[in-house]
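# Residue-level structure breakdown
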Amino acid sequence: MKVWLDGGLREVADARVSVFDHGITVGDGVFETLKATGGAAFALTRHLERLARSARGLGLPEPDLDEVRRACAEVLAAEPVPHGRLRITYTGGAAPLSSHRSDPDDSRPTLVVALAAAEPRPDETDAVTVPWTRNERGAVAGLKTTSYAENVVALARAHDGGASEALFANTRDRLCEGTGSNVFVVLGGELHTPPLASGCLAGITRQLVLEWTGARETDLPFSVLAEGSEVEEVFLTSSLRDVQAVRHLDGSELPGALGPVTAKAMQVFAERSAGDVDP
C-alpha cells in the first residue's frame, strides 16, 4: 500500500510525520474524505474547494490544490479499489510544543493522501441523539478540522446503542448535524435540512441533494427528532453514505423509514452522481 506524503508516493512503512507536527500535538489541521469508485474520486473539485476554505478558516497556508489533485490521482492509480475511502489531510506541519505556530517563513505544512477499501453503505441505518451540542458561534464552526475528539466520543455513544451515527443539536437547541453527516427530515411531504447558520458542516453530498431535489434549508428545533413528533422520514448524507435512510432513532422505529421522499432522493442522487463524477 502506498500513500502520498509531502511531495511523493511512499510505502506505508516509510511514511513518517514529525512528532512535533501540529496536526498531532494540537489538532491544527483540516481534512477531506472522498468516495472513490473505479479509480476516480467523486466531486473532487468541490472537496478541494472546501479543503481550501477550511485551511483559510484555520489560518493555515493556502494549500496547493494542483498538488493535492495530483496526489489524489497518483494514490488512486497506485492502489485501485472497487470502492474506497480517499482521505486528504493537511496540517500546520512541525511547530513548537505549544499552541503557537512556527514563523510562516520557517514552517512547511504537511500533506497526506491515503486510500483504504470501504464497503458500500446499506440503504438504511440507525441513529441516536446525544446530549452534547455543536457551538454554532465557535471559532471553527463549519470547518472540517482534524480536532475530532467530540465526534469520537459521540460516535462511541452511538455504537454502544447499536447505531452508526449520533445527531447533535446546537447551543440554541436547534437541529444541527451528525458526527460525520448532515441530516434531512421530511415534514408534510417536504424535505428540509438545517441551514449552515446552525453550525453544521457544508457537506458536499448535502449541497448536491439541495441542488438536485429542491430541498429547503430550514431552522428546526431539535425536538423534531423526538418520538411522537410530526417528522415523517429522516435520512443522512455524507461522502461515504450518499443518501441513507434512518430506520431506528434512539431505538424507536420511524414509521416512514425509506419512505417515498427518501427513496426519490436516493434515486436522483444515484443517477446524477453516476452521470458526472465531478459535479
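Below: a short report on this structure. Keep in mind it's a predicted model, so treat the numbers as computed, not measured.

The rules behind the values
- Residues numbered from 1 in each chain as written.
- Predicted model: local features only at pLDDT ≥ 70, side-chain atom pairs only at ≥ 80, totals over all residues.
- Heavy atoms only, no water.
- Helix = DSSP H or I, 4+ residues; strand = E, 2+ residues; numbered from the N terminus.
- Rg over C-alpha atoms; globule rule 2.2 N^0.38 Å.
- Buried < 20%, exposed > 50% of the residue type's maximum accessible area, 1.4 Å probe, protein only.
- Salt bridge = Lys/Arg side-chain N within 4 Å of Asp/Glu carboxyl O.
- Expected span 1.5 Å × (residues − 1).
- Arc of directions from axis to C-beta.
- Phe/Tyr/Trp six-rings, centres within 6.5 Å; stacked < 30°, edge-to-face > 60°.

Let us look at the overall build of the protein. Across its full length, the protein carries six helices and 15 strands. Rg of the C-alpha trace for the protein: 19 Å, near the compact-globule value of 19 Å for 279 residues, within the 12% margin. Principal-axis analysis of the C-alpha atoms places the extent of the protein at approximately 55 × 40 × 30 Å. For the protein, the residues scored as buried account for 47% of the 279 residues in total.

If charged atoms from side chains of opposite charge come close, those side chains can pair. With the rule as written, the count across this model stands at 15 salt bridges. We note a salt bridge from R46 to E211, for which the minimum N-O separation is 3.1 Å. In this pair, R46 is assigned in helix α2 (residues 44-58) and E211 in helix α5 (residues 204-213), connecting sequence segments 165 residues apart. Accessibility expressed as a relative area gives 42% for E211, which makes it partly exposed.

Turning next to helix α4 (residues 149-160). The α-helix advances 3.6 residues per turn, and as a result positions three or four apart in sequence lie on the same side. When the terminal C-alpha atoms of α4 are compared, their 17 Å separation across twelve residues agrees well with the 16 Å that a helix rising 1.5 Å per residue should span. All of the buried residues along α4 are N151, A154 and A158. Considered in projection along α4, the buried side chains sweep an arc of 70 degrees and stay on one side of the axis. Exposed positions of α4 whose direction lies more than 90 degrees from the buried face are A149, V152 and D160.

Another point: the packing of aromatic side chains. As enumerated under the stated definition, the model contains four aromatic pairs in all. Between the aromatic rings of F31 and Y148, the centroid separation amounts to 5.3 Å while the plane-to-plane angle is 80 degrees, which identifies the pairing as edge-to-face. Here the residue F31 occupies a position in strand β3 (residues 29-37), and Y148 occupies one in the loop between β7 (124-134) and α4, the gap between them amounting to 117 residues. Residue F31 is classed as buried on the basis of its relative accessible area, which comes to 5%.

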